[in-house]
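# Observations on the three-dimensional arrangement
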4 protein chains.
Amino acid sequence: MIAQKIILNENRNVTLTAYIQEVDGEFGFNKRPAMLVIPGGGYAMCSDREADPVAMAYLKAGYQAFVLRYTCTPKGKWPLPLMDYEQAMDQIVENSETWHVDVDKIAVVGFSAGGHLAACAATVAEHKPAAAVLVYPAVLKDICDMCQPSMPYPHEHVTPATCPCFLVAARDDRTVDISNSLRMELALAENGVAFESHIYSYGGHGFSTGEDWIITNSVCPRLPRWIPDSIEWLGEIMGKLTRGGFTEPVRAGSMNGNFTPVLSVDCTLSHLLKQSDEAQTVLAPMYAAIEAVAKARQFSTEGLMTAVGNNTAREIMEMVQIPAEAIAEIDKALHRIVNNLEG
Amino acid sequence: MIAQKIILNENRNVTLTAYIQEVDGEFGFNKRPAMLVIPGGGYAMCSDREADPVAMAYLKAGYQAFVLRYTCTPKGKWPLPLMDYEQAMDQIVENSETWHVDVDKIAVVGFSAGGHLAACAATVAEHKPAAAVLVYPAVLKDICDMCQPSMPYPHEHVTPATCPCFLVAARDDRTVDISNSLRMELALAENGVAFESHIYSYGGHGFSTGEDWIITNSVCPRLPRWIPDSIEWLGEIMGKLTRGGFTEPVRAGSMNGNFTPVLSVDCTLSHLLKQSDEAQTVLAPMYAAIEAVAKARQFSTEGLMTAVGNNTAREIMEMVQIPAEAIAEIDKALHRIVNNLEG
Amino acid sequence: MIAQKIILNENRNVTLTAYIQEVDGEFGFNKRPAMLVIPGGGYAMCSDREADPVAMAYLKAGYQAFVLRYTCTPKGKWPLPLMDYEQAMDQIVENSETWHVDVDKIAVVGFSAGGHLAACAATVAEHKPAAAVLVYPAVLKDICDMCQPSMPYPHEHVTPATCPCFLVAARDDRTVDISNSLRMELALAENGVAFESHIYSYGGHGFSTGEDWIITNSVCPRLPRWIPDSIEWLGEIMGKLTRGGFTEPVRAGSMNGNFTPVLSVDCTLSHLLKQSDEAQTVLAPMYAAIEAVAKARQFSTEGLMTAVGNNTAREIMEMVQIPAEAIAEIDKALHRIVNNLEG
Amino acid sequence: MIAQKIILNENRNVTLTAYIQEVDGEFGFNKRPAMLVIPGGGYAMCSDREADPVAMAYLKAGYQAFVLRYTCTPKGKWPLPLMDYEQAMDQIVENSETWHVDVDKIAVVGFSAGGHLAACAATVAEHKPAAAVLVYPAVLKDICDMCQPSMPYPHEHVTPATCPCFLVAARDDRTVDISNSLRMELALAENGVAFESHIYSYGGHGFSTGEDWIITNSVCPRLPRWIPDSIEWLGEIMGKLTRGGFTEPVRAGSMNGNFTPVLSVDCTLSHLLKQSDEAQTVLAPMYAAIEAVAKARQFSTEGLMTAVGNNTAREIMEMVQIPAEAIAEIDKALHRIVNNLEG
C-alpha cells in the first residue's frame, strides 16, 4: 500500500492523504471503491482521532481511502471547506486510473462538523458521493451557527436526488443534540431517500470508530459495530467488491419512483392515484385486480387501496399476480406520462 | 419451565400466556425480570409469528415471558385493548411471588398495532412498564385512524415520565411508514427520555425476530440483531440478572433532571440559566469556575457557556474540578428550589 | 407452546420434558427440527443450568426442544443412561406427528457428562442423531472412569458413520481437560467426519450458554456466541427451516467418499491412487489432464499429484475443466468398483 | 500513517514493509503494540492476499503493522526464512523508539507456510513474539517436507516457554490437513501453554481474512470473525491499548505454574502431590481444609482430591476460604523449593 500526502492549499493547511492499495495479480480486479474521510472539530480543527483510524477501517474492507483536512478557522470560513471537498473529489476523479478507483463508487464519511460537510456533499455539492456516512453530524441551525455563520443546514436541502445516507449517533450526545440526526432522517424519509440509522443509548460525542484505543467517553458495547455495519450497507448500495469485480447493488438509493420526471410502476399507489386520467387508464388492469381481491376477501376496495397505498404499483401487481409481461407493458406506457410531482 | 394460559376475557378472546422459569437452587436468585409480548395485526388479529417466537427469545435471556392476546375487531374496540393490557399487568403483579417476577423490572415489547399498544403502555397507561421495545410501531394519525378510530397517537402523549424506549423498524416499511418511528423518537428527545433506535435499510413490515423461519420478506443481514441488542439495552436500563441477583442499572431513564419538580445538579446548564435568581446565587461557584477556564484558554465566557449548555451542572463541575463535597452541597441547595419547567 | 413432562422411569427419576411449538397457519411449514438437550453433572446429577436455559435457545431458533434427565448414581449406572437416551429418541420418533418433528432432523446437545452421553449417541447408540453438539464433553479414560467405570471412551468409537459434531470448550477447563475435546476432534478428522470446533481462551467448566445469568466463572466475551454459531452450523448440516419448509443442506456429514462401500469421484486422489487397476483405467482421463497441466506450468507431475492428493477426483476434474458429463460417466463407472478401505 | 519499505536482502527479495501510525497528541499514548504479518505461499512465493489486507486489519485495531516478505525457492531455503524473521524482529526492536512500538507487545500472524514460520517464531526462534496467530499453519512432516526438506515440525518444539497461540483453520482444508492445527494444539495443551482455537466447518485453504474481496473459496459465514476475535484475544494476553496506555493483561501465557523453576501456589494440586516431603509440609493447611470439606459433604477425600487435581493450589485454597495472607505465606514458602518437573 502506498501513502501519499497531497497539499491542496498550503496557506489554509488543506491536504488530501491518499492510501492506495494494489489491484490485479492475485486480487483479480482492477478497480476498488473509495472512501473519503472527513474528520470533525467544530470547523476549528481536524481531529486526528477521526482521520487515519477511520481510513484504516475502510482500507481493511478493500477501499482506497482518503483523508481530507479542510480549511478551519482562523485560516478561513465557509464555503471554503466545501470548496476543499470539491477539490478533493476532483483529485480522486482525475487520478482514478492511477489510484485504481471506480469513480461511480466514491463514498464519504464525516464526523460532527465533518458530518456537516459530508451532509453538504450529499445535498448541495457539485460532486455528489455515491453514499454518505454521517456520524453525529451537525445539521440544525443552533449548532451550525455556533461553528460558523452562513453555513447551510443540510436537512433543508435534502431532495429526492440526495444520495443514500447511513446515520450514527449516541442518544446522550451533549455537544450535537440527537435531534440533529433525527431531523436529517425525517428529511430523507420525506424525500424517499434510502437510509439506515443507528442511535445508540450512550457514547457521547466524538467516539469515532468506538474502539478502546480511541474513545474518551464510555460507549455502549453495541456502538463499535457501526463500522462493519456501514461497510455491509455500502456493499448493498454500491455493490460489493469480490475477486470477480463488483456485484450488483441489492438496494436502490430511492425508495420508489415518485420523484422521477416520468411515471413508472415503481411509483407508489397513493402517488399514482393523484396523477392524470391518462395514467389511470393505463393502470386500469391493476385497479380491476385490486377490486377482485377486495371482493373475494370481503374487504372494502377503498380500505384495501389505503392499506397498500405506500406500495409501488409493481409490488401490488406482483401480489395480485398480474403477469410480468403485462407489468412491463404498463411500465412502458407510464414512462410516456410526465410525473406531476405536486400530486 | 411451566406454560400456563389464563383467560382474561372469554367473550373477547383475551388471554395471557405465562412462561415461567425456575429460580433458586442452582440459579442463585429468586426473582427474574419479565417481558410482556404484545403481537400485532392491525387490531384485527394477534399474529402468531409475533407471539411465542418473541417470548422464546426473552426466555433464553432469563426473563419470565408473557404473551397478551388482546381484544380485536370485530370483538371490540379501543380502549378495550388498553384495558386488556392493564388487566394483564394486574395479573403479573398479583402473581409476582408465584411467578418469581421482580415487579420493578417488567418490560413490554410490541409489534405494529401491538407496538401502538406498547407505546400507549409507556405513555398513557396506569401500569407503566420499566421499559418498552417498540417494533415498527403504529404511532401517527393516518395509520392509527385506519386501524380503529379514537385511539391516542402515542407521540403526542410523551412526557418526561415516559419509560425508556428501544425502537426498531425497516426503512422500506410500506405498511407503517418510517416517519412513525421517527416522530416517536423526536417526542422522546424533546422530553429528555432515554432511548435507542435501529432503523435497518430493508426488511419491510412484520419481520418479527427477523429469523429465517419467521420472515416473509427479505431482511438486511444486520436486522436480526435487534433481539440480542434489545436484551443488552434492557440490562443497562433495568440492571442485569446474574447469579448474585440484579446488577445496578448503568443508565437512567431520563437524560437529565430538567423535568423533575425541584432543581438539581443533574439539570443542564441551559435550563439552569433560565431559573430564578436564587438558583443563580447557588450556582455562583460554577459560573466563576467556567469564567476562569474561559480566561485561561482565551475563550469568550459566553461562547463556552453555549458550548456546554446541554451538559448537566454535575458534568460541568466535574470537568472544572469542583470538589465532590461542594457539588453535593450545591445539589442539596438546588433541591429546595422549585423547577420552573417553562424555563 | 406446550410444555409436557414425560416420566420414562419413575424409580430412576428419568424424565423427558418436551417443549412443542406450533406449526401451520401463519408459519407455513408443518415439521420442525428437534434438539434433545442432555445436561451434565458427572453422572451424579442433571444440572438445571444445562437443561431448560439451553432448550430455550434452540426453541428461539425454531426447534422443538426436549430435555432428558437420565439415570444418575446412586439410582443406577452405565449403560442405563444410554438406554434412557434410546428411550427418549423412541418417544420423539413415535410422537413425531403430534410433536411436528422431522425425524431426519433430530440433533443432540450435551454438556460434560451429558457431552459424553451425546458423544456416545453420535458413535455407539442405535438411534443416531443427525448432528451432535458437544460442550466440554468427557471423552478420555481418566475422566470417564472417575464418573463411572466401564463407560466407552467415545473417541475410540468414531467411525466414518459418526454424525457431524460441533465442539465447544474453554482452554482453562480444570475439570475436563481440553485434551478431551482435542482427542475427539482428531478421531473425527481421521475418519473424515465433518465438524466445527471452538476452544475459547477462558471460561472454565460448566458455563452452559455462557450468559450472565447462568455463568459461575468469568468467561471470555466471545464464548456466548457458541449458541448462535451452533444454530447456524446445524442449518448448514441439516438444512435451514424457512417458511417454505427446509432448505437443502449446504454441507455433507463426510468430507469425502473414501469410506463408502464403492468408489466415486468424491474419493480423494490419494485414496484413489491406492485402488485397483480397474479404477486406474477409469480415471485415466483425469491423470492425462493433470499431466497436461503439469507440463504447461513446468511442474513435476508427481509433485502436482501430491499437492492435490487430498482433493476429491471431482474437485480436480472440475479444476482441469473436464466436462460435467464426462465426470458423471466416470462417477458411474467408479460406483461399480468395490472400495478397498485398506487402501 | 507512514508506509515504508525496507530491503532486508536484495538478492533474495527479502523486504519488511512498515506501516507506522501516529502517537501522542490527541491519542494520549506514545507506544503501540505491533503485528508482524507473515504471508504464505508454500515457501515458493509470498501471497499478496495474505500481506497488506491482513496488515490493514491490525492497523485498524491500533497496531503498528509490518509485512515480512521472506526468502522463497528458488532464491534460497530453510533456515533462511527463519533468519529473515530474526532480522525483521531486530529491525522492529532497533527502531522501536522511532516507530512507537512497545517491544514487549510484538505479535506475529502467519498463514500456511507463513504459519509454519510464525509457529517456528513461537517455538525455536531467538526473538520470541509475545503471541502468535497461526492461520491454517503447516506443522506436520508430510506438508513441511513437501515445501522444503529439513524444516522443523513446530509441534515437536513446543515447550512451556512457547508463547500463547491463536489457531484458525477450516475443516475442509485440502492443502494443509486439519490435523496440522490439531497436533499443534495438543502440543500446546501438553505444555500448559495458553491458546484459543477456531476450526470452521468450511472455508478451504488460503481464505486470508475471509472477506468477500479476498476469498477464492466459499467460506462459512462465521469465519471472517477470526480477525476481530484474534484482536480481542491479543488484548487479553498483551493488555489492551487505551487512551491512558495499556491495560494489564487479564490472562497469562501459561495455564499454571507447573513448569517454572520453583514451586508456587499456581501449580496444580496433582503436580504438587508429586513433589518433595518439604512441599507437602508447607501445603498441610490446604490438605486439612480439603479433608474437612470432604467430611462435611460426605465425599471421599481421595475422590475430592482427584476431582480438583487440575486446579491450582491458589484456586483450591480460595474455594475452601483460606485467608489471603495465609495463601501468600504458603506461596512464599513454596518459592524456596525447586520444582521437580519429572513429577
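Residues numbered from 1 in each chain as written. Chains lettered and ligands numbered in written order. Predicted model: local features only at pLDDT ≥ 70, side-chain atom pairs only at ≥ 80, totals over all residues. Heavy atoms only, no water.

So, on to the environment of D:Ala18. Residues and elements named next belong to chain D. Tracing the sequence through the fold places Ala18 in strand E2 (residues 14-20). Along the primary structure Ala18 and Gly210 are separated by 192 residues, whereas in three dimensions their C-alpha atoms are 23 Å apart. In this structure, Ala18 is in contact with Ile2, Ala3, Gln4, Ala65, Phe66 and Trp99, ignoring residues within four places of it in sequence. (Helix = DSSP H or I, 4+ residues; strand = E, 2+ residues; numbered from the N terminus. Contact = heavy atoms within 4.5 Å.)

Quick look at the arrangement of the chains now. The least C-alpha distance between chain A and chain C, which are not in contact, is 11 Å. The two units chain B and chain D are non-contacting; their minimal C-alpha-C-alpha distance is 11 Å.

Right, let's get into the interface of chain D and chain A. In this complex, chain D contributes 33 residues to the contact, which on the side of chain A involves 33 residues. When the two sides are added together, the surface that chain D and chain A hide from each other amounts to roughly 2900 Å², 58% of it contributed by carbon and sulfur. If you sort the residues of chain D by the area they bury against chain A, D:Glu26, D:Lys60 and D:Trp213 come out on top, with a joint share of 29%. The interface formed by chain D and chain A contains six salt bridges. The partner of A:Asp212 in a salt bridge is D:Lys240, with the nearest N and O atoms 3.1 Å apart. In this assembly, chain D and chain A are joined by 20 residue pairs in polar contact (both at pLDDT 80 or more). Secondary-structure elements contributing two or more residues to the side of chain D that touches chain A are helix H1 (52-60) and strand E9 (241-242) of chain D. Broken down by element, the residue count for the side of chain D that touches chain A peaks at six residues, all from H1(D). Residues belonging to the side of chain D that touches chain A are distributed by class as follows: 17 nonpolar, five polar and eleven charged. (Buried area = accessible area lost by both parts, 1.4 Å probe. Salt bridge = Lys/Arg side-chain N within 4 Å of Asp/Glu carboxyl O. Polar contact = N/O pair within 3.5 Å; in protein donor to acceptor, adjacent residues only side chain to side chain. Nonpolar A, V, L, I, M, F, W, Y, C, P; charged D, E, K, R; others polar.)

It is worth spelling out the interface of chain A and chain B at this point. Contact residues are listed per partner, giving 44 residues for chain A and 44 residues for chain B. Of the roughly 3800 Å² buried between chain A and chain B on both sides combined, carbon and sulfur atoms contribute 49%. One salt bridge in this structure joins B:Arg225 and A:Asp229, with 2.6 Å as the shortest N-O distance. Linking chain A with chain B are 23 residue pairs in polar contact (both at pLDDT 80 or more). Broken down by element, the side of chain A that touches chain B gets its largest block of residues, eight residues, from helix H5 (residues 179-190) of chain A. Bridge analysis of strand E8 (residues 195-200) of chain A against strand E8 (residues 195-200) of chain B gives three bridges, and the strand direction is antiparallel. Across the sheet, A:Ser197 pairs through a bridge with B:Ile199, a residue of E8(B). (Pairing = 2+ DSSP bridges.)

With that settled, consider the domain arrangement of chain A. Here chain A is partitioned into domain 1 (2-246) and domain 2 (269-334). Using only C-alpha atoms to locate each centre, domain 1 of chain A and domain 2 of chain A end up separated by 40 Å. (Domains from an automatic or database assignment.)

Looking now at the relation of the copies chain A and chain B. With an RMSD of 0.1 Å, the operation that places chain A on chain B is a rotation of 180 degrees combined with a shift of 0.1 Å along the axis. Between the two chains, the operation in question is that of a two-fold axis. It is A:His198 whose C-alpha, among those of chain A, lies nearest the rotation axis, at 2.3 Å. Here 100% of the contact residues of chain A are again contact residues in chain B; the copies associate through an equivalent surface. (Least-squares fit on C-alpha atoms with pLDDT ≥ 70 in both.)

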